[in-house]
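# Commentary on secondary and tertiary structure
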Amino acid sequence: MNVSGIIFIVLGLISISLGITGLSNKSRKGQRMVRLLGETGTRMFYIIIGIGLIVGAFFI
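Anyway, here's the lowdown on the structure attached to this text. (Residues numbered from 1 in each chain as written. Predicted model: local features only at pLDDT ≥ 70, side-chain atom pairs only at ≥ 80, totals over all residues. Heavy atoms only, no water.)

### As for the environment of Phe-8
- Turning to its location among the elements, Phe-8 is positioned in helix α1 (residues 3-21).
- Here Phe-8 falls in the partly exposed class, since its relative accessible area comes to 29%.
- Along the primary structure Phe-8 and Arg-35 are separated by 27 residues, whereas in three dimensions their C-alpha atoms are 27 Å apart.
- Look past the residues within four positions of Phe-8 in its chain and what remains in contact with it is Leu-53, Ile-54, Ala-57 and Ile-60. (Helix = DSSP H or I, 4+ residues; strand = E, 2+ residues; numbered from the N terminus. Buried < 20%, exposed > 50% of the residue type's maximum accessible area, 1.4 Å probe, protein only. Contact = heavy atoms within 4.5 Å.)

### Digging into the side chain of Ser-15
- Within the secondary structure layout, Ser-15 lies in helix α1.
- Owing to a relative accessible area of 10%, Ser-15 belongs among the buried residues under this scheme.
- A distance of 2.7 Å separates the side chain of Ser-15 from the backbone oxygen of Tyr-46, its partner in a polar contact.
- Look past the residues within four positions of Ser-15 in its chain and what remains in contact with it is Tyr-46, Ile-49 and Gly-50. (Polar contact = N/O pair within 3.5 Å; in protein donor to acceptor, adjacent residues only side chain to side chain.)

### Digging into the pattern of salt bridges
- If you walk through the whole model with that rule in mind, you get one salt bridge.
- Measuring nitrogen to oxygen at the nearest pair gives 3.8 Å for the salt bridge that ties Arg-43 to Glu-39. With Arg-43 and Glu-39 both in helix α3 (residues 39-57) and four residues apart, this pair spans about one turn of that helix.
- Judged by its relative accessible area of 29%, Arg-43 is partly exposed.
- For Glu-39, a relative accessible area of 36% puts it in the partly exposed group. (Salt bridge = Lys/Arg side-chain N within 4 Å of Asp/Glu carboxyl O.)

These figures capture arrangement, not role.
So this is what it looks like as structure tokens:
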């Protein structure tokens, strides 16, 4: 695995942790996503993006 794969895995883990805790929903930019998708939808979106980044890391 190369450096970009490791970076994708770290970014994926950060995205998943933000989705689980909901910390990003408290910021002003995060509130836009909450208005569009709702609280639960935003959390699921971050978790799905994180999983996608981790899976993508193995194909880069």
